[in-house]
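Close look at the chain arrangement
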Amino acid sequence: MLLDTASLYFRAYFGVPDSVRAPDGSPVNAVRGLLDFIARLVQDHRPEALVACMDADWRPAWRVELIPSYKAHRVAEETPSGPDEEQVPDTLSPQVPVIEAVLDALGVARVGVAGYEADDVIGTLAGRADGPVDIVTGDRDLYQLVDDARGVRVLYPLKGVGTLQLTDEAWLRQKYAVDGPGYADLALLRGDPSDGLPGVPGIGEKTAAKLLAEYGDVAGIMAAVDDPRSRLTPAQRRRLDESREYVAVAPKVVRVAGDVPLPAFDPALPRGPKDPAELERLAARWGLGGSLERLLAVLAA
């Protein structure tokens, strides 16, 4: 089970009241909400391995060089020497180091790699896995990794993590008329305002799906632009032709990396805390109470 950790703690932050606080009054709604999420996921799905995948770089320079608008609207402050600072709610930012410390004390594998997003870590781990993989994320971008033959599916939270949309190829075909890799092409053509991806003007979701059904993939669609016998409408041909520069670079931005240089780590689901003394200190300092106790009970079971 691969967790898109930031996606989940953002959901926890907005789903759990900020009246949930530590003894000193600091909000810990994201921390406790995430612990509750993990407890429910482990209880319901019983994974043998669990990895909390992290955004070591939420807006990698190599993606920005290709498409400068990539996530540009979410930049709080540009940082010349490292990753730009992301716009994050004031009371969430201080909770992220607490989340990291608690996961480490529990012994839950936490993997992030400089220059890459959590999506890329997830893509690399899913590609290397020997058996079935459940990806837990609130980010539809990862639908591109769905692969029935390899047992890779996305568990998309609809309400907390108690109600999950099980996303497999059948669901993707019913909803979008594409498979996993086809979803990346669909997103590329349609665009995604939340990520600053412009897409091809005039090519919406339904049109993109129809074009992919007829021509196979983006390369096939662009070949059709150059084929006067193809059945593209004049407007489609013109818009795609005018978007050649974007279409040429967008695949590398939209598709998750599958070759991230991962550090050594132990993905085994812990049965008990790795550092009980540190976990006890963190529990007292941040008032983690029942959320931590429930997770520990589920792990021990």
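Residues numbered from 1 in each chain as written. Predicted model: local features only at pLDDT ≥ 70, side-chain atom pairs only at ≥ 80, totals over all residues. Heavy atoms only, no water.

Digging into the UniProt feature "domain: 5'-3' exonuclease" (unreviewed entry) in the protein chain
Sites flagged by UniProt as "domain: 5'-3' exonuclease" (unreviewed entry) map to residues 1-272. End C-alpha atoms of residues 1-272 are separated by 18 Å, and the span's content is 42% helix alongside 11% strand. (UniProt positions renumbered as here; feature names shortened; annotations may be inferred. Helix = DSSP H or I, 4+ residues; strand = E, 2+ residues; numbered from the N terminus.)

Structural notes on the sheet that holds strand β8 (residues 163-167)
The sheet built from six strands is open, its strands ordered β5-β2-β1-β6-β7-β8 with mixed pairing. The open sheet has two free edges, formed respectively by β5 (109-111) and β8, since each of these has just one partner strand. Across the sheet, the mean angle from the axis of one strand to that of its neighbour is 25°, orientation sign disregarded. Across three bridges, strand β2 (residues 51-53) lies against β5 in parallel orientation. Across the sheet, the residue bridging to alanine 52 is arginine 110, located in β5. Along the sheet, helix α1 (residues 5-15) contacts β1 (2-4), β2, β6 (133-136) and β7 (152-159); its crossing angle with β1, the most-contacted strand, is approximately 55°. Packing against the sheet, helix α5 (residues 118-128) makes contact with β1, β2, β5 and β6, and its axis sits at approximately 165° to β1. (Pairing = 2+ DSSP bridges. Axes fitted to C-alpha atoms, helices over the stretch in contact; angles between N-to-C directions. Contact = heavy atoms within 4.5 Å.)

Quick look at the pattern of salt bridges
Tallied over the full model, the rule gives 21 salt bridges. Put simply, arginine 59 and aspartate 84 hold a salt bridge, and the shortest N to O gap is 2.9 Å. Of this pair, arginine 59 sits in the loop between β2 and α3 (61-66) while aspartate 84 sits in the loop between β3 (75-77) and β4 (85-86), and the two are 25 residues apart along the sequence. This pair shows no difference in class: arginine 59 is buried, exactly as aspartate 84 is. Via salt bridges that share partners, Arg63, Lys71, Glu117 and Asp120 belong to a single interconnected network. (Salt bridge = Lys/Arg side-chain N within 4 Å of Asp/Glu carboxyl O. Buried < 20%, exposed > 50% of the residue type's maximum accessible area, 1.4 Å probe, protein only.)

Observations regarding empty space enclosed by the protein
Counted by the stated rule, this structure contains one cavity of 30 Å³ or more. Quantified by volume, the largest cavity comes out at close to 30 Å³. Along its surface, the largest cavity is lined by Val31, Leu34, Leu35, Ile99, Val102 and Leu103. Considered class by class, the residues forming the lining of the largest cavity number six nonpolar, no polar and no charged. (1 Å grid on protein atoms, 1.4 Å probe; cavity = no way out; pocket = protein on both sides within 12 Å on 5 of 7 lines; lining within 4 Å. Points joined across faces, edges and corners; volume = space filled by probe spheres on them. Nonpolar A, V, L, I, M, F, W, Y, C, P; charged D, E, K, R; others polar.)

Things to note about the nonpolar core
Counting 55 residues, the largest nonpolar core has Leu2, Cys53, Ile135, Tyr183, Leu189, Leu240 and Tyr246 as its most contacted members. In this structure, isoleucine 135 is in contact with Leu2, Ile122, Leu142, Leu145, Val152, Arg153, Val154 and Leu155, ignoring residues within four places of it in sequence. Counting 42 residues, the second largest nonpolar core, distinct from the first, contains Tyr9, Ala30, Leu35 and Leu41. (Core = buried A, V, L, I, M, F, W, Y, C linked by side-chain atoms within 4.5 Å.)

Concerning the packing of aromatic side chains
In this structure the tally under the stated criterion is nine aromatic pairs. The interplanar angle of 50° and the centroid separation of 6.4 Å between the aromatic rings of tyrosine 143 and tyrosine 176 together place this pair among those described as tilted. With a gap of 33 residues between them, tyrosine 143 in the loop between β6 and β7 and tyrosine 176 in helix α6 (residues 169-176) connect regions that are remote in the sequence. With respect to burial, tyrosine 143 and tyrosine 176 carry one shared label: buried. Taking the centre distance of 5.3 Å and the plane angle of 70° together, the rings of tyrosine 143 and tyrosine 183 count as edge-to-face. Taken together, the residues tyrosine 143 in the loop between β6 and β7 and tyrosine 183 in helix α7 (residues 180-190) connect sequence positions 40 residues apart. Here tyrosine 143 falls in the buried class, since its relative accessible area comes to 0%. Tyrosine 183 sits in the buried class, given a relative accessible area of 2%. An aromatic cluster is built from Tyr143, Tyr156, Trp171, Tyr176 and Tyr183, whose rings are joined through pairwise contacts. In this structure, arginine 11 is placed above the aromatic ring of tyrosine 156, and the distance from its NZ or CZ to the ring centre is 5.2 Å. (Phe/Tyr/Trp six-rings, centres within 6.5 Å; stacked < 30°, edge-to-face > 60°. Lys NZ or Arg CZ within 6 Å of the ring centre and 35° of its normal.)

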